[in-house]
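Chain by chain, the residues:
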Amino acid sequence: MAEIETYRFDVPPEWYALDLTDSVPPRQVAQDIMDELGSVDDDNAPLFRDDVTGLVERLRLENDGLTSAAVLVRTEGGLRVGALLVHAVRDLEDGDTPESYEQFARQALASGQPGQQSLAVQSWQLECSAGPAVGVVHVLSAREPGEADAWVEERAIYAVFVEGTRQLVQFTFTTADFGTFEDMPSETWSIASTLTVELKEFA
């Protein structure tokens, strides 16, 4: 049996990695993206900077040291975050299969969480070069505690069960900007399906 040593996948040029280590201040992560874009004079720049800073701060608090992230940046109509991608390697327990993952994901997402209402859940099984996969699309409404207004998010989640290991790579794409994708499931799977891994044998 082997374990994942490294993995990679292809993303379009409008995706930018977020530094989730403590080596760079969160606000500098946002500024570095803006500098790369050359859009620092955009009227939406201050809000974009705040949004990216907030995402980095939140993800660093939640990070278990195994998680990485990227944002899709939209520039038409004003600089803004179109979508978030969080990806990580997860160990499998005995009995974990694509079928059990799909069943658990559908049940867990349909039941919702505090402050969230599940609106739709769809799932299916897929194949890519790295191994079998499960795809789940989840539409939900969410509301911050004490706030009256809610927003709607769409999430596309992919769990790729890497052949030759007891691990999976999970991709979670989230957007509240429904103009970001024409077809979120196909566009996000076109990214996740490019997954390639390097394995390390262990005793």
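Provided above is the structure to which this section pertains.
Residues numbered from 1 in each chain as written. Predicted model: local features only at pLDDT ≥ 70, side-chain atom pairs only at ≥ 80, totals over all residues. Heavy atoms only, no water.

Peer 1: So what exactly am I meant to see when it comes to the packing of aromatic side chains here?
Peer 2: Think of a pair of aromatic rings as described by two things: how far the centres are apart, and how the planes are tilted against each other in angle. What the rule picks out here adds up to six aromatic pairs. Residues F9 and F171 carry aromatic rings whose centres are separated by 5.0 Å and whose planes lie at 85 degrees to one another, so their mutual orientation is edge-to-face. In this pair, F9 is assigned in the loop between β1 (2-8) and β2 (15-18) and F171 in strand β8 (residues 167-175), connecting sequence segments 162 residues apart. Classification of F9 as buried rests on a relative accessible area of 17%. Given the relative accessible area of 0%, F171 is considered buried. Relative to F173, the ring of W15 has its centre 5.9 Å away and its plane inclined at 75 degrees; by these criteria the two rings are edge-to-face. Highlighted residues: W15 in strand β2 and F173 in strand β8, separated in sequence by 158 residues. Of the two residues, W15 and F173, both sit in the buried class. Put simply, the rings of W15, Y158, F173 and W189 touch in pairs and so form one group of aromatic residues. (Phe/Tyr/Trp six-rings, centres within 6.5 Å; stacked < 30°, edge-to-face > 60°. Helix = DSSP H or I, 4+ residues; strand = E, 2+ residues; numbered from the N terminus. Buried < 20%, exposed > 50% of the residue type's maximum accessible area, 1.4 Å probe, protein only.)

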